[in-house]
Amino acid sequence: MMHTNSHLHFSHVPLSCAVLWSILLILANGETNIQCGTSAVVVRASYSRIVGGKDAITGAWPWQVSLQLGRSHQHVCGASIISDWWLISAAHCFGTYKRKTAWRASLGLRDQWKPDSWTVVRDIDALIIHENYSNINNDVALLRVDKAIEFGENIRPVCLPSQGEAVENTWKGCHVTGWGRMEKGTSAHILQEAAVNIIPTATCQQPDWYGRLVNENMVCAGFAGGGIDACQGDSGGPLSCRHKHTERFYLVGLVSWGQGCAERFRPGVYTRTSNYINWINKKTSRFSASDPEQEPERESEREPEHPHVMHQDTSGGTWANAHQTNKASATVYPQGTPTATQPSSTRTAQPPTLLTATIFASLLLCHL
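Residues numbered from 1 in each chain as written. Predicted model: local features only at pLDDT ≥ 70, side-chain atom pairs only at ≥ 80, totals over all residues. Heavy atoms only, no water.

A. Spotlight on helix α3 (residues 277-285). Of the residues making up α3, those classed as buried are Ile277, Trp279, Ile280, Lys283 and Thr284. End-on view of α3: buried residues confined to an arc of 160°, all on one side of the axis. For α3, the secondary structure elements touched by its buried residues are β5 (86-89), β7 (120-129) and β8 (141-145). (Buried < 20%, exposed > 50% of the residue type's maximum accessible area, 1.4 Å probe, protein only. Helix = DSSP H or I, 4+ residues; strand = E, 2+ residues; numbered from the N terminus. Arc of directions from axis to C-beta. Contact = heavy atoms within 4.5 Å.)

Structure representation (structure tokens):
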């Protein structure tokens, strides 16, 4: 057994040996210095609408996930990577199809028609819907993938805000992304992006806006005059914003609902992520081997021809595409899964051959 000492000194060790031991310590701890909320490309503001909008650059939004349903693997909703085991999305995406085996997640994807060499697919091992989800309230769900996610340039997590962190005057450079409906009514096959502004809750609650439909667990983003918004197919996807004191992106909201798409005084309404951090940590940390797996309520085995789980539209005073009250109890699964709590940099598994080679070289050069 090899033991490391936090007070280890290299002053009397050959330089080559010291370098190799440093590499060995890094590899043994799995540290790759991949930080949450960072991308390999420079993200610039784009004020073109997702409804008809602008193609995202490869690698710009590496936490964006496509949730796909059925044997045809049709894109239905968006999600975000928040750790190497966990994704987060909107609860209404699963209103009819709660069975975890019906879903799969595509990571590192830009073009729905042409996956890249780094695109990976994960099955869903657990689906946790907020126990108090109802229509547009508490519209949040967690998904645990069946295999740990290995991070790289095009696949990495977004940062989570602190519990209760304020939205107004905290964030800058907000963007909404997804493969939802475009201006002509067709769904995008290439990931779309658009810059949006955070709209104060008091403004969004005005009678000629959304009134009392908007509450403290939601955040509005877009423009008073409309023109830029998420739309059907973007549900569950990220509202990514930079903190005013850093260049990293944080998950400020989840695409939830709205009246129409990009209409005047009808901005997109998002689940306010900062109000659910304690819930996220509680649910992801309660995986216990002693608790039997509880399968959510089973739905029809028939694959839908046209999945309608999308950005909820309140046009005409009705909840078109919104699922009625659906209080699915959060499920608890086996222990040992990392929680969604994020360090400043993420650790990922390293290739065993590299670690072995480093150990061997260290033994030879250091005469251990």
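B. Just the environment of Ala79, in detail. Along the polypeptide, Ala79 turns up in strand β4 (residues 74-81). Its relative accessible area of 0% is what places Ala79 among the buried residues. In the structure, Ala79 is positioned 175 residues away from Leu254 in sequence and 8.1 Å away in space, judged by C-alpha atoms.

C. Layout of the state of the cysteines. This model, assessed by the stated rule, comprises four disulfides. Across a sulfur-sulfur distance of 2.1 Å, Cys77 and Cys93 are joined as a disulfide pair. Between Cys77 and Cys93 the disulfide shows an S-S torsion of about -100°. By sign, it is left-handed. With Cys77 in strand β4 and Cys93 in the loop between β5 and β6 (103-107), the pair connects residues that are 16 residues apart, well separated along the chain. Classification of Cys77 as buried rests on a relative accessible area of 0%. A relative accessible area of 0% means that Cys93 is categorised as buried. (Disulfide = S-S within 2.5 Å.)

D. A look at the nonpolar core. Within the largest apolar cluster, 51 residues are counted, with the highest numbers of intra-cluster contacts made by Leu67, Ile81, Ile82, Leu87, Phe94 and Trp103. With 16 residues, the next largest nonpolar core counts Cys36, Val167, Tyr250 and Tyr270 among its residues. (Core = buried A, V, L, I, M, F, W, Y, C linked by side-chain atoms within 4.5 Å.)

E. Region of interest: the pairing of strand β14 (residues 249-258). Among the 10 residues in β14, 10 count as buried, and that is most of the element. The sheet contact formed by strand β13 (residues 238-243) and β14 spans five bridges and is antiparallel. Note on β14: the bridge partner recorded for Ser240 is Leu251. By the bridge criterion, four bridges tie β14 to strand β15 (residues 268-272) in an arrangement that is antiparallel. Looking at the pairing, Leu254 lines up with Thr271 of β15. (Pairing = 2+ DSSP bridges.)

F. The arrangement of unusual backbone geometry in detail. Positive phi, close to 55°, is recorded for Asn135, a residue that is not glycine. Topologically, Asn135 is positioned in the loop between β7 and β8. The backbone phi angle of Asn169 is positive, close to 65°, even though this residue is not glycine. Relative to the elements of secondary structure, Asn169 occurs in the loop between β8 and β9 (171-178).

G. Focus on the pairing of strand β10 (residues 192-195). Judged by which residues are buried, β10 turns out to be covered on both faces: Gln192 and Ala194 on one side and Glu193 and Ala195 on the other are all buried. Examined bridge by bridge, strand β2 (residues 54-55) and β10 share two bridges and lie antiparallel to one another. Each bridged residue has a counterpart across the sheet, and for Asp55 the counterpart in β10 is Gln192. Sheet analysis places β9 next to β10, joined by four bridges and oriented antiparallel. For Thr177, the partnering residue across the bridge sits in β10 and is Glu193.

H. Focus on the packing of aromatic side chains. Under the counting rule described, the total for this entry stands at seven aromatic pairs. With a centroid separation of 5.9 Å and an interplanar angle of 80°, the aromatic rings of Trp61 and Trp63 are classed as edge-to-face. On the accessibility criterion, Trp63 (0% relative accessible area) is buried. Judged by centre distance (4.9 Å) and plane angle (70°), the ring pair of Phe94 and Trp103 falls under edge-to-face. Accessibility expressed as a relative area gives 1% for Phe94, which makes it buried. Of the residues examined, Trp103 reaches a relative accessible area of 3% and is grouped as buried. Lying over the aromatic face of Tyr210, Arg266 brings its terminal NZ or CZ to 5.7 Å of the ring centre. (Phe/Tyr/Trp six-rings, centres within 6.5 Å; stacked < 30°, edge-to-face > 60°. Lys NZ or Arg CZ within 6 Å of the ring centre and 35° of its normal.)

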